[in-house]
Amino acid sequence: MKKEKLVDYILHLKNWIPKKITKTVIKEISKKTWEPHFHVHDRTLKKVIKKKELEICYSDESLTYNKELDGLIWKALEKYILIEHKNKYHSGWAGFSLIKFNRYSKGQIMTKHIDHIKSLFEGERRGNPTLSIIGALNNNYTGGELIFFDNYKITLKEGDIILFPSNFLYPHKVKPVTKGKRYSFVSWSW
């Protein structure tokens, strides 16, 4: 039996999102109202806004490619669970969260964190996320590298998606953008 590594559970799907979608999404979300990104403190559940953090906004029905983007996320989840990992312990998922868009301007980062987000699914949907999904919407920036485990760099290009477990074993961060604006999105399945 092959010994597996944590990186084996990070799936990088290249060119998953067509450029016509990424370009239109950036154009449309650029007009939205953006707010500072925050982390929720695990024990107190209070919002914590850190200096130099990115800005966020959320998807809504006004986006031209909202349904297509949702469909591409579903197909990526299917590939992760049913094809790549043939997981006999996890046969599916119930859905995924509303898409959150991220915008990093020069000097902005995302602090090292994990995606074990207790407050993400409340109300009728209760629990913690199972898988994290990150999608890259552009290339025309420098810096902004995605780093797992302090030293495992993933270079995301426009249209790429990555999926990985949303737990304490997958700490990650985004290094400072040094030029341009970096656009991406995140969602979490349960």
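Residues numbered from 1 in each chain as written. Predicted model: local features only at pLDDT ≥ 70, side-chain atom pairs only at ≥ 80, totals over all residues. Heavy atoms only, no water.

A. Structural detail: the nonpolar core. Formed by 28 residues in total, the largest nonpolar core has its most connected members in Val 25, Ile 29, Leu 69, Phe 101, Leu 137, Leu 163 and Phe 185. Contributions of two or more residues to this core are made by strand E1 (11-13), helix H1 (19-29), helix H2 (66-84), strand E8 (131-136), strand E12 (161-165) and strand E15 (182-189). The greatest single-element share of this core, amounting to 7 residues, is contributed by H2. One finds Leu 146, Val 174, Val 177 and Trp 188 within the second-largest nonpolar core, a separate group that totals 18 residues. (Core = buried A, V, L, I, M, F, W, Y, C linked by side-chain atoms within 4.5 Å. Buried < 20%, exposed > 50% of the residue type's maximum accessible area, 1.4 Å probe, protein only. Helix = DSSP H or I, 4+ residues; strand = E, 2+ residues; numbered from the N terminus.)

B. Main features of the sheet that holds strand E5 (residues 55-58). Taken in spatial order, the 7 strands make up an open sheet running E1-E12-E8-E15-E6-E5-E2, and their pairing is antiparallel. Of all strands in the sheet, those with a lone pairing partner are E1 and strand E2 (35-36), marking the two edges. Of the strand pairs in this sheet, E2 and E5 are connected by 2 bridges, and their pairing is antiparallel. Bridge pairing in E5 places Pro 36 opposite Glu 55. (Pairing = 2+ DSSP bridges.)

C. Expanded view of the sheet that holds strand E10 (residues 146-148). Here 4 strands make up an open sheet; going across it, the order is E7-E13-E10-E11 and the pairing antiparallel. Looking along the sheet, the strands with just one partner apiece sit at the ends: strand E7 (110-113) and strand E11 (152-154). Direction aside, the axes of adjacent strands within the sheet are offset by 20° on average. In this structure, E7 lies alongside strand E13 (residues 172-174), joined through 2 bridges in antiparallel fashion. Paired with His 113 across the bridge in E13 is His 172. (Axes fitted to C-alpha atoms, helices over the stretch in contact; angles between N-to-C directions.)

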